[in-house]
Structure formats: C-alpha cells, structure tokens
Amino acid sequence: MSAGVREVGIGIVGYGTMGRAHAYAYAAAPRIRPLPCVPRVRVMSGRNQAAVERAALDLGAERFTTEWRELVEAPDVDIVDICTPPGTHAEIIEAAAECGKAILCEKPLAAGFEDACRAAEAVRRARVKNAIGFNYRRLPALSLMKQMVDSGRLGEVRLWRGSWLSDEFADPEIPFDWRFEKSMGASTIADLGAHLLDLAGWLVGEIDAVSAQSRTFTKARSGAGGGRPLDVDVDDASSALLRFGSGALGVFEVAKTCVRRPCDFTVEVNGERGTLRFDYARLNELWYGDAGDEAELYGMRRLRAEHPLHPETQGWWTIGQGVGYGASFVNQAADLLEQWPDGTWSPDFATGLEVQAGCEAIERAAAERRWVALDEIRGGASSQIRGGASSQIRDAG
Ligand SMILES: NC(=O)c1ccc[n+]([C@@H]2O[C@H](COP(=O)([O-])OP(=O)(O)OC[C@H]3O[C@@H](n4cnc5c(N)ncnc54)[C@H](O)[C@@H]3O)[C@@H](O)[C@H]2O)c1
C-alpha cells in the first residue's frame, strides 16, 4: 500500500450469497479502479460458528464472530455491510448507526415499511453515511439507459415496463425457509420488485399510485427435514399498474414460479421520440429505437454498453469482453469507496425507503383490490418515526 492511502475497515454481517458477493467486491474493487482508500474486510459474522469460520477463511475476512453486535461495535470496523435476510436489517442498522458506523445494506431496506422507517430514521438521527444495495444500477447498460433518458434522447417518458421472472419457488417440494416467511424474507414484490421499483424511480421519477394483483400458488411447504407443513405468506407472483407523478404509465411484474426462467428481468422505457430496452440475459447490450432514424432503417439498434465512454465501464476489460453480475457489486464497492470518507453515497436509505413505500403500496393494492396512492403509505402514518422518515423522502426528492 502506498504511503498516505488510508485503510477502511469493513464488517460483513452474513456469509451467504450476498456476503460472498460483497467480500468479492471489496477484494476486486481496488484492482479495477484506483481508490482513495484500501478496503479491508476485518470481520464477518454468522450464527453458525463452523460455517462462518470457514466462510471468513474462504472469503478473506481477517476474523469472524457469531455475534453481529460484536462486529458492529468493533473499533476497527468503519463500514457495516448488511447481507442478512430483510427481517433482520432494521435492528442491525439501528445498532450500527448508534455506534456511528457507515452502513451499506442489501435490498430491500426491510421486510416492511414500518421497519424501513426505523432504519431510515436511525441513520438520519445519527448522521451516518448510508447506502442501499441496488447493484443493478451499476451495470454499464442500465447506467447508460439512465444517462440516455436524462439527456433527453427519448423526449418525454410515457411508458415504463419492468418484469422479473424466476423459478426460485416453482418446485412445491422446496422446504420452508426464511424466504417463505414475509416478516423475515419480505414479499416477492419487495424482494425482486425492489430492484424494479428502484429502476422505475431512477429512470422515470416518483410513483403516485398503484393497482395490483397477487397470488401464492403453493400455500404450505414442509418444514426442514420433512417436518410438518408451514404456511407460506409470501406471494409467488404479483403484477401491478403504476401511475407516475410525471403522467407516465407503468407495468410491473414479478414471479418466482416461472418454470425454466432463472433470473430473467427486462426493463423498457418508451418516450415520445425513442425506446430503450434492457434484457438481463444480454446484460452488456441495450436496444435503442430512435424516431429520428431514416425510414429505411426502421427498427431497434443494439448498443454495446462496453465503450470506455459509457458509465460504469472504468477499469473493466477491453471492449467486447463484457462484464457480468459480479461487476455490479465491484462497481458498487468502488463507487462507494471513491466517496470515502466525505463524499455522498447514492442511492441511500431515503431511496430505499421510497422503494419500500412502493412495495407496500403494491401489497396493499393487491390485498384490498383498489388503487393505492403512495402518499397513503408515505404520509398516512401517525408515529414520529414515520413522520421523520417521510419528510426525509421529500427532502431527498
Ligand atoms: N442485490 C442482489 O442481487 C441480491 C441477491 C440476493 C439476495 N439479496 C439480498 O441480500 C440479503 C441476504 O440474502 P442472501 O441471498 O445472501 O441470503 P443467504 O440465505 O444466502 O444468506 C443469509 C445470511 O444471513 C444469515 N442470517 C442471519 N440471521 C438470519 C436469520 N434470522 N435467518 C436466516 N439467515 C440469517 C445466514 O446465516 C446467512 O449468513 C437479503 O436482503 C436479500 O434480499 C440481494
């Protein structure tokens, strides 16, 4: 390490899929981009001693603990990185904020809006840096989409469309675990849909109101080891209509029961002068239709979002080699560390909370079979916590 470059201590809570992705990102980020600091994964926490010990060894953490509070309080941890199920986020965030730690939290911010308010209020009160893990924004193609929408290439945006299809719950024999319990795993609307609603808000703007429908096809699943069946209260599939504040219209669909669809998500924006379409199965590409093209060229052209001029390509491979899912986490780590210690982190918990309001509105609209205005979620609460958080949303907006 060159003289004058400071180290930043990271504590990763959870060593599952996201713990692994984030640990990889901290290792790779300084190798991809010059950074003003060197990230060191000081400690990793998990509930199972043997498993977390193994994970810490494999993933390069300096030590491990089975007590997340120990990680949060450790003096050599500057950033608490939360990679546990959504139902655990708010409590960990509150403790980390109280200790004055910067926080990166995986999406969704919480399993429900009330807990998301607690989380947002905790970082607002403690004035600590905070970021939410909407990593797909960091893919060059989606980042280019944002740049093109903002530059006015499409003119006024009229329609947004987002769909996320997976087969994660397709097999009814998959036993019950935290993902099937809404208070721990959140709804499918909030799990997959949080990414889509984040992209909708980022690309098009604030959502005013939603209507929706939702179904759980497999209503009970066997407990671990063939134990007695447990009720599932998480939606298998949901869809919604969105009305944006700008007047644009949106269509949203999430499902975990689509046979042979692994992680197939698409986003499309139609403006008065053009169309942009992203398909995750071809994540280095963007389809662009321009009303200004000559009639002979009628159709959509395939952009390669790999050019050094394109956003989020800095430090990656030469054009044509492409980047993958892992790159979104490396870019996320690099973007945040580039701002360490005094810059601004984005997207932050205010965005996470706004997305959670959208998720909650879709859940309520489906349950009550009516249009739900987001202000009903954002501002309809009486408690101080919600009041503080919703004013935070407005300040940020
Ligand atoms: N951004 C993305 O692309 C993406 C992808 C997958 C998951 N996620 C999010 O990351 C978070 C973690 O998901 P994951 O896929 O890494 O989960 P996982 O099951 O692979 O890992 C969960 C980790 O949390 C720990 N844990 C702590 N308390 C727990 C509890 N009460 N129940 C179960 N596990 C507990 C587990 O021991 C494990 O280390 C979730 O918020 C999820 O929505 C984000």
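Residues numbered from 1 in each chain as written. Predicted model: local features only at pLDDT ≥ 70, side-chain atom pairs only at ≥ 80, totals over all residues. Heavy atoms only, no water.

Student: Would you mind going over the overall build of the chain in detail, with residue names and values included?
Tutor: A tally of regular secondary structure across the chain gives twelve helices and 17 strands. Taking 397 residues into account, the globule formula puts the C-alpha radius of gyration at 21 Å, and the chain, at 21 Å, falls close to it. Summarising its shape, the C-alpha atoms of the chain cover approximately 60 × 55 × 45 Å along the three principal directions. Counting only residues that meet the buried cut, the chain has 55% of its 397 residues in that class. Taking the 45 positively charged and 56 negatively charged side chains of the chain as two groups, their mean positions are separated by 1 Å. (Helix = DSSP H or I, 4+ residues; strand = E, 2+ residues; numbered from the N terminus. Rg over C-alpha atoms; globule rule 2.2 N^0.38 Å. Buried < 20%, exposed > 50% of the residue type's maximum accessible area, 1.4 Å probe, protein only. Lys, Arg positive; Asp, Glu negative; His and termini not counted. Charge placed at Lys NZ, Arg CZ, Asp CG, Glu CD.)

Student: Got a sec to walk through the sheet that holds strand β8 (residues 207-215)? Specific residues and values, please.
Tutor: A sheet is described by the order of its strands in space; here nine strands give the open sequence β16-β15-β14-β13-β7-β12-β11-β8-β17, paired in mixed fashion. Both edges of this open sheet fall to β16 (301-304) and β17 (372-373), since each of them pairs with a single strand only. With four bridges connecting them, strand β14 (residues 274-279) and strand β15 (residues 285-290) associate as antiparallel partners. Residue pairing across strands places T275 opposite G289, the latter belonging to β15. The sheet contacts of helix α8 (residues 188-203) involve β7 (157-165), β8, β11 (237-244), β12 (249-255) and β13 (264-271), and relative to β12 the element is tilted by about 155°. Running over the sheet, helix α10 (residues 349-368) touches β8, β11, β12 and β17 and is turned about 55° from β8. (Pairing = 2+ DSSP bridges. Contact = heavy atoms within 4.5 Å. Axes fitted to C-alpha atoms, helices over the stretch in contact; angles between N-to-C directions.)

Student: So what about unusual backbone geometry? Which residues, and what values?
Tutor: Here K107 and P108 are connected by a cis peptide whose omega angle stands at -20°. By secondary structure assignment, the location of P108 is in the loop between β5 (102-106) and α5 (113-126). Phi is positive for R369, close to 50°, though the residue is something other than glycine. By secondary structure assignment, the location of R369 is in the loop between α10 and β17.

Student: Kindly report on the pairing of strand β6 (residues 130-133), identifying the contributing residues and their values.
Tutor: Alternating positions in β6 separate into two faces, N130 and I132 on one and A131 and G133 on the other, with burial throughout. Once the chain exits β5 it traverses α5 before rejoining the sheet at β6, and the crossover so formed is right-handed. (Right-handed = clockwise from strand over helix to strand, strands pointing away.)

Student: Residues and numbers for the sheet that holds strand β2 (residues 37-45), please.
Tutor: Ordered in space as β3-β2-β1-β4-β5-β6, the six strands form an open sheet in which the pairing is parallel. One side of each edge strand has no neighbouring strand; the edge strands of this open sheet are β3 (63-65) and β6. If you compare each strand with its neighbour and ignore which way they point, the axes differ by 25° on average.

Student: Describe the packing of helix α4 (residues 86-98) against α5, with residues and values.
Tutor: Look at α4 against α5: their axes get within 9 Å of each other, and the N-to-C directions meet at 10°. By the angle class used here, α4 and α5 are roughly parallel. Packed against α4, whose contacting residues are A90, E91, I93, E94 and A97, the element α5 presents D115, R118, A119, A122, V123 and A126 at the interface. Residues that form the contact of α4 with α5 fall into these classes: seven nonpolar, no polar and four charged. (Parallel < 35°, antiparallel > 145°, perpendicular 65-115°, else oblique. Nonpolar A, V, L, I, M, F, W, Y, C, P; charged D, E, K, R; others polar.)

Student: Quick rundown of empty space enclosed by the protein? Include the residues and the values.
Tutor: A complete count under the given rule lists two cavities of 30 Å³ or more for this structure. Of the volumes computed, that of the largest cavity is approximately 40 Å³. In this structure, the largest cavity is lined by Y26, I79, L104, A333, L336, L337 and W345. The biggest single contributor to the lining of the largest cavity is helix α9 (residues 325-338), with three residues. Split into classes, the residues belonging to the lining of the largest cavity amount to seven nonpolar, no polar and no charged. Roughly 30 Å³ of internal volume is contained in the second largest cavity. (1 Å grid on protein atoms, 1.4 Å probe; cavity = no way out; pocket = protein on both sides within 12 Å on 5 of 7 lines; lining within 4 Å. Points joined across faces, edges and corners; volume = space filled by probe spheres on them.)

Student: Give a detailed account of the site of the ligand, specifying residues and quantitative values.
Tutor: Taken together, the neighbourhood of the ligand is formed by 24 residues, with Y15, M18, K107, N135 and Y325 sitting nearest. In this structure, Y15 approaches the ligand through a main-chain N or O atom, which is 2.9 Å from an oxygen atom. T17 is positioned such that a nitrogen or oxygen atom in its backbone is 2.9 Å from an oxygen atom of the ligand. In isolation the ligand has 840 Å² of accessible area, and contact with the protein removes 81% of it. (Near = heavy atom within 4 Å. Polar contact = N/O pair within 3.5 Å; in protein donor to acceptor, adjacent residues only side chain to side chain. Areas by Shrake-Rupley, 256 points an atom, 1.4 Å probe, with all protein chains shown as cover.)

Student: So what's going on with the nonpolar core? Which residues, and what values?
Tutor: In this structure, I93, W160, L242, F252, F265 and F278 are the most contacted members of the largest nonpolar core, which totals 84 residues. Non-local contacts of F278, meaning those with residues more than four positions away in its chain, are made with L139, A141, L142, M145, F265, T266, V267, L283, E285 and L286. Counting residues in each nonpolar core, the second largest holds 34 residues, with I10, M18, C83 and A102 among its members. (Core = buried A, V, L, I, M, F, W, Y, C linked by side-chain atoms within 4.5 Å.)

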